[in-house]
Amino acid sequence: PGKNAAEIVLFSAHYDHVGIVSEVDGDSIANGANDNASGTTALIALAKYFAMQETPERTLVFAALAAEEIGGFGARHLLKNLQPDRIAAMVNLEMVGTVSKFGPRSFWLTGYDRSALGVLMSEELNGSGYKVFPDPYPEENLFFRSDNAAFARAGVPAHTISTTPIDVDSVYHTVNDEFERMDVGHLLETVRGIARGIRGIVDGRQTPGRISIK
């Protein structure tokens, strides 16, 4: 709970994956270490971090969502139980277990130009060594392929943060998306960067504005 119960900053990540797939070398379990155990790990770490800080200005909600892989049903259900106009911003965490194409201490934001969230986070990160970039893969339509989309359609400045170089990711939705491929040091740095970049919005000093999707 924050000092201002009427305004929410929502953090989310989906915990489902695609389950059993075609067998490869005797393995048919798609563990989904990067997609999206990395995101749920970051979500829990951020929740622990903010719980240790002073009471924030805005109320913080941390949601682990189901059924993203089959249509975002968890996000849509949560949206029905929250008032979109109360959500100042939504940060969705997706595939943050490997270093981005922009190098260490960097992450990218889907739908960067749709609200001021990315710009405001960049302002908070100025001089810190962390950087946030626009989604480098616009042809993948990633803004509408994760749990942020349902909230964005309701006007919420809702974006997904990721780091994975998806254009060369050979293990996406395969049995080879295993923990051993994750860069835990990078994951920790990503959590630190997000925590620092979002603090202006958490503190109520920044507001990214609403999204309009035609």
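This text goes with the structure placed above it.
The rules we used
Residues numbered from 1 in each chain as written. Predicted model: local features only at pLDDT ≥ 70, side-chain atom pairs only at ≥ 80, totals over all residues. Heavy atoms only, no water. Axes fitted to C-alpha atoms, helices over the stretch in contact; angles between N-to-C directions. Helix = DSSP H or I, 4+ residues; strand = E, 2+ residues; numbered from the N terminus. Parallel < 35°, antiparallel > 145°, perpendicular 65-115°, else oblique. Contact = heavy atoms within 4.5 Å. Nonpolar A, V, L, I, M, F, W, Y, C, P; charged D, E, K, R; others polar. Salt bridge = Lys/Arg side-chain N within 4 Å of Asp/Glu carboxyl O. Core = buried A, V, L, I, M, F, W, Y, C linked by side-chain atoms within 4.5 Å. Buried < 20%, exposed > 50% of the residue type's maximum accessible area, 1.4 Å probe, protein only. Polar contact = N/O pair within 3.5 Å; in protein donor to acceptor, adjacent residues only side chain to side chain. Pairing = 2+ DSSP bridges. Left-handed = near helix turned anticlockwise from the far one by under 90°.

(A) Structural detail: the packing of helix α3 (residues 117-125) against helix α5 (residues 184-197). Look at α3 against α5: their axes get within 8 Å of each other, and the N-to-C directions meet at 100°. Judged by the inter-axis angle, α3 sits roughly perpendicular to α5. Of α5, the residues touching α3 (which contributes Leu120, Met121, Glu124 and Leu125) are Gly193, Ile194, Arg196 and Gly197. Class assignment of the residues belonging to the contact of α3 with α5 gives a composition of four nonpolar, two polar and two charged.

(B) The arrangement of the pattern of salt bridges in detail. This model, assessed by the stated rule, comprises seven salt bridges. Note that Glu7 and Arg58 form a salt bridge whose closest N and O atoms lie 2.6 Å from each other. In this pair, Glu7 sits in strand β1 (residues 4-14) while Arg58 sits in strand β4 (residues 58-65), placing the two residues 51 residues apart along the sequence. Residues joined in a network through salt bridges with shared partners are Glu124, Arg199, Asp203 and Arg205.

(C) Summary view of the environment of Pro157. Mapped onto the secondary structure, Pro157 falls in the loop between α4 (148-153) and β8 (158-162). The spacing of Pro157 and Ala89 is 68 residues in sequence and 5.1 Å in space, taken between C-alpha atoms. Once residues lying within four places of it in the same chain are set aside, the contact partners of Pro157 are Ile87, Ala88, Ala89, Met90, Ser115, Leu117, Pro208, Gly209, Arg210 and Ile211.

(D) Summary view of the nonpolar core. Core analysis: the largest hydrophobic core is formed by 28 residues, its most contacted members being Phe11, Leu46, Leu93, Leu117, Ile161 and Ile198. The set of elements that each furnish at least two residues to this core consists of β1, α1 (33-51), β5 (87-93), β6 (106-109), α3, α5 and α6 (199-202). Those residues in contact with Phe11, other than ones at most four positions away along the chain, are Leu43, Leu46, Phe50, Leu60, Val61, Phe62, Ala63, Val91, Ile198 and Val202.

(E) Up close: the side chain of Ser128. Within the secondary structure, Ser128 is located in the loop between α3 and β7 (131-134). Engagement of the side chain of Ser128 in a polar contact is seen with the backbone oxygen of Leu125, the distance being 2.6 Å. Reaching out from Ser128, the side chain makes a polar contact with the backbone nitrogen of Tyr130 at a distance of 3.1 Å.

(F) Geometry of the sheet that holds β8. In spatial order, the strands read β4-β1-β5-β8-β6-β7; together these six strands make up an open sheet with mixed pairing. Edge positions in the sheet fall to β4 and β7, since each of these pairs with one other strand and no more. Taken over all neighbouring pairs, the strand axes of this sheet differ in orientation by 25° on average, direction set aside. This element, α3, spans β5, β6, β7 and β8 of the sheet and lies at about 160° to β7.

(G) Main features of the packing of α1 against α5. The interhelical angle for the contact between α1 and α5, taken along N-to-C directions, is 50°, at an axis separation of 10 Å. The orientation of α1 relative to α5 falls into the category oblique. Here α1 and α5 pass one another in a crossing that is right-handed. Side by side, α1 and α5 meet where Ser38, Thr41, Ala42, Ala45, Leu46, Tyr49 and Phe50 of the first sit next to Leu187, Val191, Ile194 and Ala195 of the second. Residue composition of the contact of α1 with α5, by class: nine nonpolar, two polar and no charged.

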